[in-house]
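As a plain string of letters, each chain reads:
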2 protein chains.
Amino acid sequence: MSMDSDHPRASQNRIKRWTRLLEAKFRREDGLFLAEGVKVVEELLGSDWQTEALLVLPEKNLRWEGVVAPVADQTPVYSLSRPEFKKLSQDKEPDGVIAVVRKKEPPDVSSWLAEAAGPLLVAHEITNPQNLGALIRSACWFGFAGVILSANSVDWTHPKVIRSSMGGVFKMTVLTGVDLLALLADLRGKFLLVGSDVRKGVAPHPVAKKAALLVGSESHGLPASLLECAAVRWRIPGGTGAESLSLPQAAAIMMYEMSRGRMVNGE
Amino acid sequence: MSMDSDHPRASQNRIKRWTRLLEAKFRREDGLFLAEGVKVVEELLGSDWQTEALLVLPEKNLRWEGVVAPVADQTPVYSLSRPEFKKLSQDKEPDGVIAVVRKKEPPDVSSWLAEAAGPLLVAHEITNPQNLGALIRSACWFGFAGVILSANSVDWTHPKVIRSSMGGVFKMTVLTGVDLLALLADLRGKFLLVGSDVRKGVAPHPVAKKAALLVGSESHGLPASLLECAAVRWRIPGGTGAESLSLPQAAAIMMYEMSRGRMVNGE
């Protein structure tokens, strides 16, 4: 039986401190956040992010043993009961492993931008955590250098964002609370600024130079002030009437086209 | 105050019958399902599907009035209290309108296929309702003729599927419980069979002839037996290590390429 795991049970005190991390203000105060799932934790442990602790559900040890065992002598591992684990988990059928991660100091925006190697995703007021996680996951797949978020976005350390990014947050830079108008003024000339628009625009296509894709929220799209900064607007052909393509899908298609451009040009 | 809406309050008896529809077996028995949200109901009312009733949350009347008012003399509309509505709703912040929809008899697969005008999406054992809804929404956007589901898929009349399809289910044919091996044998020669594969394959590209895209579940992908039926395998370039692209995003990119082919060829 897997229940007699050799990892110590977590104290109620510790569990209370981790439960705080479900709320943005406590994540900010404590400088910690939660990262759930085998693949997510795998990406975390392979990155230079600092893992404070690993929380496991003993009955699921067959799922998480492979990622936890190799680090168990450097990283504290705590066993949780099923109800304790479920309180912290985002999943209906959890993998049984959650990491407590120490936040990193974000880099200075302008010096980071000067060195950014790949294209950028610039997102305005994304409030749905699953959507933001999906955007980060796709950006990671397509070799984007980073994701830049405006103010009034969902906190990117929200456990659902981390979960649905599938660990993408540990492989790329995420900047938040950025003044996008100032940023775009800064990027112009260095990046091709592409605005995503559901109403009108040319069809997405490979682009030769370094590009930044601007996307808005699922419900509101990009505000006019930001769309006006774009050198070109893209609209994905298709649809009739009230139909629309969902934000994560539309953005994935556009990032795909941008990365095709870079491959075509052998960058 | 919007609470004194002129729509009658629903009886407890009716509410009980609608609550049954949250479960697949009762949807099957009763031949009814639920469709939530303003855009979804808009697509429904613009289609040839039969609406049995509209359930509304009076306090949200500013959101739903525009779709409900034009049909209120042909369709029964019932007011629900907030707790009653929340029990039926899939949304954290509901639009305040849910339709009770009468199921249609599915068409005969082989005669439907003989006349299918666009490409097809063929999906194996998709169990996540949000993923299935997203697939249907994208297929709709890209002008696919239909979505064909294997046995052991989530019931496509699941309220979360309908919700996340954004009403796409009312604009295209969805066939379910189909024996995919037999189907693919049937399609060969008439459709270019494209298998989605995360391990290897050529990059997606426009295709001139009528095509069918085969996708598997997020966790397992396509089984070998189905992949072997494909004339060509597609893999989206990108990613390193344990990374992956999520199913709805990968499928959207592939459907996009297929529909580009049809546009390029002026079909």
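Going by the structure above, here's the rest.
Residues numbered from 1 in each chain as written. Chains lettered and ligands numbered in written order. Predicted model: local features only at pLDDT ≥ 70, side-chain atom pairs only at ≥ 80, totals over all residues. Heavy atoms only, no water.

Chemist: Can you walk me through the relation of the copies chain A and chain B in this structure?
Modeler: When chain A is brought onto chain B, the operation consists of a screw motion whose angular component is 180 degrees and whose axial shift is 0.0 Å, with 0.0 Å RMSD remaining. The superposition operator between the copies reduces to a two-fold rotation axis. Of the interface residues in chain A, 100% have counterparts in chain B that sit at the interface too, so the contact is made through matching surfaces. (Least-squares fit on C-alpha atoms with pLDDT ≥ 70 in both. Contact = heavy atoms within 4.5 Å.)

Chemist: Explain the sheet that holds strand 4 (residues 97–102) of chain B to me, please; I cannot follow it from the model alone.
Modeler: Sheet strands associate in pairs through backbone hydrogen bonding, adopting either a parallel or an antiparallel arrangement. Residue and element names in this part refer to chain B. Taken together, 4 strands build an open sheet; the order of strands is 1-4-2-3 and the sheet is mixed. Edge positions in the sheet fall to strand 1 (32–36) and strand 3 (77–79), since each has one partner strand and no second. Going from strand to strand, the sheet's axes swing by 25 degrees on average, the running direction of each strand aside. Pairing between strand 1 and strand 4: 5 bridges, direction antiparallel. Bridge pairing in strand 4 links Phe33 to Val101. Here helix 3 (residues 38–45) sits on the sheet in contact with strand 1, strand 2 (50–56) and strand 4, set at roughly 35 degrees to strand 4. (Pairing = 2+ DSSP bridges. Helix = DSSP H or I, 4+ residues; strand = E, 2+ residues; numbered from the N terminus. Axes fitted to C-alpha atoms, helices over the stretch in contact; angles between N-to-C directions.)

Chemist: Can you help me understand the interface of chain A and chain B in this one?
Modeler: Where interface size is given, it is often the accessible area lost as the parts come together that is meant. Contact with chain A, which involves 30 residues of that partner, is made by 30 residues of chain B. Summing both sides of the interface, chain A and chain B together bury roughly 2,800 Å²; the carbon and sulfur share of this comes to 54%. The largest contributions to the chain A side of the interface with chain B come from Arg137(A), Trp141(A) and Tyr256(A), which together make up 28% of the buried area. Seen at the junction of chain A and chain B, the total is 4 salt bridges. Two residues, Glu243(A) and Lys171(B), come together in a salt bridge whose shortest N-O distance is 2.6 Å. Applying the counting rule to chain A against chain B returns 13 residue pairs in polar contact (both at pLDDT 80 or more). Listed by contribution, the elements that provide at least two residues to the side of chain A that touches chain B are helix 3 (38–45), helix 7 (129–141) and helix 11 (247–264) of chain A. (Buried area = accessible area lost by both parts, 1.4 Å probe. Salt bridge = Lys/Arg side-chain N within 4 Å of Asp/Glu carboxyl O. Polar contact = N/O pair within 3.5 Å; in protein donor to acceptor, adjacent residues only side chain to side chain.)

Chemist: For this particular structure, what's the right way to read the nonpolar core?
Modeler: Within soluble globular proteins, side chains that are nonpolar generally end up buried alongside one another. Formed by 111 residues in total, the largest nonpolar core has its most connected members in Phe170(A), Trp156(B) and Phe170(B). Residues in contact with Trp156(B), not counting those within four places in the same chain, are Phe33(B), Trp49(B), Leu132(B), Leu149(B), Val161(B), Ile162(B), Val169(B), Val174(B) and Thr176(B). (Core = buried A, V, L, I, M, F, W, Y, C linked by side-chain atoms within 4.5 Å. Buried < 20%, exposed > 50% of the residue type's maximum accessible area, 1.4 Å probe, protein only.)

Chemist: Explain the pattern of salt bridges to me, please; I cannot follow it from the model alone.
Modeler: Residues and elements named next belong to chain A. On inspection of all chains with the given rule, the structure shows 32 salt bridges over all chains. For Glu257, the salt bridge goes to Arg260, with nearest N and O atoms at 2.9 Å. Here Glu257 and its partner Arg260 are both found in helix 11, 3 residues apart, which amounts to about one turn of the helix. On the basis of relative accessibility, which here comes to 0%, the residue Glu257 falls in the buried class. Three or more residues are tied together by salt bridges with common partners; here these are Arg20, Glu29 and Asp30.

Chemist: Sorry if this is basic, but what is going on with the packing of aromatic side chains here?
Modeler: To describe a pair of aromatic rings, you give the distance between the ring centres and the angle between the ring planes. All names here are of chain A. All chains considered together, the criterion is met by 14 aromatic pairs over all chains. Summarising the aromatic geometry, the rings of Trp49 and Trp156 are spaced 6.1 Å apart at their centres and angled 80 degrees between planes, so their arrangement reads as edge-to-face. Highlighted residues: Trp49 in the loop between helix 3 and strand 2 (50–56) and Trp156 in the loop between strand 6 (146–150) and helix 8 (159–164), separated in sequence by 107 residues. For the residue pair Trp49 and Trp156, the accessibility class agrees, reading buried in each case. Every member of this aromatic cluster is reached through a ring pair, and the members are Phe33, Trp49, Trp156 and Phe170. (Phe/Tyr/Trp six-rings, centres within 6.5 Å; stacked < 30°, edge-to-face > 60°.)

The values reported here are purely geometric and, on their own, carry no functional implication.
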